[in-house]
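Descriptive analysis of the structure
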Amino acid sequence: TKRIVVLISGSGSNLQALINACAQGDIQASIVAVISNRPRVYGLERAQAAGIETQTLDHKNFAERAAFDQALKALIDSFQPDLVVLAGFMRILTAEFVQAYTGRMLNIHPSLLPAYKGVHTHQRALDDQAQIHGASVHFVTAELDAGAVVLQAEVPVFAEDTAETLAARVLVKEHRIYPQVVAWFCAERLSYQDGAAYLDGQRLLAPLKL
Ligand code: GAR
């Protein structure tokens, strides 16, 4: 069974969805460590409650991004993971770091990529009067939020939405699509080669939709 390290920065509700899916046997893997770049976030408590080892690597203790990333890599590698899962991890990663995990690092992003890369995705969708919004699970590449998208889920945007109500609607979908993609990876059904994602040996020409 595969070994997963999860990186978080906050509440960890996606982490919780992954913990639950592992416990239910929907994901054939064990989460061997949860690493946060922010001390005392709620996601660390979720991990501890599930009996998962936690580590905090506070980026504020590092003068340079490259030094933080080197320490993060050493910490991750000490757990010998098959897969690194970014779950609400809010740090930009250097190209050197990302290249060390090519094809074995996934991220979830709260938009229908390639729309709204970066932060404040829900407010930006509202500002644009977008009618459809959603979330994407993708392989991580050096360019921010630009790696091959595996699976997306859409939600409607309502006239009375705020960034908070929209975020909550998207999050419900995130908790479905992230465990699905991680399950595929751990079952060796999902892979990555030359910038593209493959499911059951077929190259994905477009993101799958929930
Ligand atoms: C999620 O909405 C996730 O998609 C987003 O942060 C939230 C974390 O929630 N990630 C990013 O914006 C990555 N740039 P969680 O901690 O409850 O899983």
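To keep things clear, this report deals only with the structure shown in the data block. Sequence order as written defines residue numbering, which begins from 1 separately in each chain. pLDDT decides what is reported in this predicted model: residues at 70 or higher carry local features, side-chain atom pairs at 80 or more are listed and counted, and totals for whole chains, interfaces and linings draw on all residues regardless. With hydrogens and water stripped out, all remaining heavy atoms of the structure feed into the side-chain values.

Take the site of the ligand next. Contacts to the ligand come from S11, G12, S13, N14, G88, M90, I108, H109, P110, L171 and E174. One nitrogen or oxygen atom from the main chain of N14 is found 2.9 Å from an oxygen atom belonging to the ligand. Within 3.5 Å is the distance limit for a polar contact, defined as a pair of N or O atoms, with the added protein rule that one can donate a hydrogen and the other accept it, and that residues adjacent in sequence qualify only through two side-chain atoms. One of the side-chain N or O atoms of E174 is found 2.7 Å from an oxygen atom in the ligand. Per-residue accessibility takes into account occlusion by the displayed protein chains alone, with areas from the Shrake-Rupley method and a 1.4 Å probe. Considering the ligand on its own, with 450 Å² of exposed area, one finds that the protein chains cover 84% of that surface. Numbered from the N terminus, helices here are DSSP runs of H or I no shorter than four residues, and strands are runs of E no shorter than two. Counting residues per element, the ones that place at least two in the shell around the ligand are α1 (13–23), β5 (105–109) and α6 (163–186). Whether a residue is near a molecule or strand is decided by its heavy atoms; if any one of them lies within 4 Å of it, the residue is near.

Note on definitions: angles span 0 to 180 degrees between N-to-C directions of axes, and those axes are lines fitted to C-alpha atoms, for helices only across the stretch in contact. Relative to each other, α1 and α6 sit at 45 degrees, their axes nearing to 9 Å. Looking at the two axes, α1 sits oblique to α6. The handedness of the crossing between α1 and α6 comes out as right-handed. Together, S13, N14, A17, L18 and A21 of α1 and L171, E174, H175, Y178, P179 and V182 of α6 make up the contact between the two elements. Here the residues of the contact of α1 with α6 are counted per class, giving seven nonpolar, three polar and one charged. Oblique is the label for every angle not falling under 35 degrees (roughly parallel), over 145 degrees (roughly antiparallel), or within 65 to 115 degrees (roughly perpendicular). By definition, any crossing whose near helix is turned counterclockwise from its far helix by less than a right angle is left-handed, and any crossing with a clockwise turn is right-handed. Contacts were defined at the residue level, with two residues in contact if any of their heavy atoms lie within 4.5 Å. Three residue categories are used. Nonpolar comprises Ala, Val, Leu, Ile, Met, Phe, Trp, Tyr, Cys and Pro, charged comprises Asp, Glu, Lys and Arg, and polar comprises the others, including Gly.

This next bit is on helix α2 (residues 42–49). The set of residues buried in α2 consists of G43, L44, R46 and A47. For α2, the angular spread of buried residues about the axis comes to 155 degrees, placing them on one side. Just downstream of α2 lies G51, where phi reads positive at about 75 degrees. Three labels apply to residues, based on accessible area from a 1.4 Å probe with only protein chains included: buried if under 20% of the type maximum, exposed if over 50%, partly exposed otherwise in between. The arc in question is formed by the directions pointing from the helix axis toward the C-beta atoms.

Turning our attention to the pattern of salt bridges. Whenever Lys or Arg places a side-chain nitrogen within 4 Å of a carboxyl oxygen from Asp or Glu, that contact is recorded as a salt bridge. Inspection of every chain in the model, using the stated rule, returns five salt bridges. A salt bridge links D77 to K73, with the nearest nitrogen and oxygen atoms 2.6 Å apart. Highlighted residues: D77 and K73, both in helix α3 (residues 65–77), separated by four residues, approximately one helical turn. With a relative accessible area of 30%, D77 lands in the partly exposed category. Overall, the relative accessible area of 30% leaves K73 in the partly exposed class. Salt-bridge contacts for D161 lead to R169; the nearest nitrogen and oxygen are separated by 2.7 Å. According to the relative accessible area criterion, D161 is buried, its value standing at 11%. With relative accessibility at 22%, the residue R169 sits in the partly exposed group.

Relative to the assigned elements, G51 resides in the loop between α2 and β3 (54–56). G51 sits 134 residues away from F185 along the chain, and the two C-alpha atoms are 23 Å apart.

The pairing criterion is simple: DSSP has to find at least two bridges between the two strands. Judged by pairing direction, the sheet is mixed, and its eight strands sit side by side in the order β3-β2-β1-β4-β5-β6-β7-β11 without closing on themselves. Sheet topology places β3 and β11 (208–209) at the edges, where each strand pairs with a single neighbour. Bridge analysis of strand β4 (residues 83–86) against β5 gives three bridges, and the strand direction is parallel. Bridge assignment links L86 to a residue of β5, and that residue is N107. Across the sheet, α6 is in contact with β1 (2–8), β2 (29–36), β4, β5, β6 (132–139), β7 (149–156) and β11; its angle to β7 comes to roughly 155 degrees.

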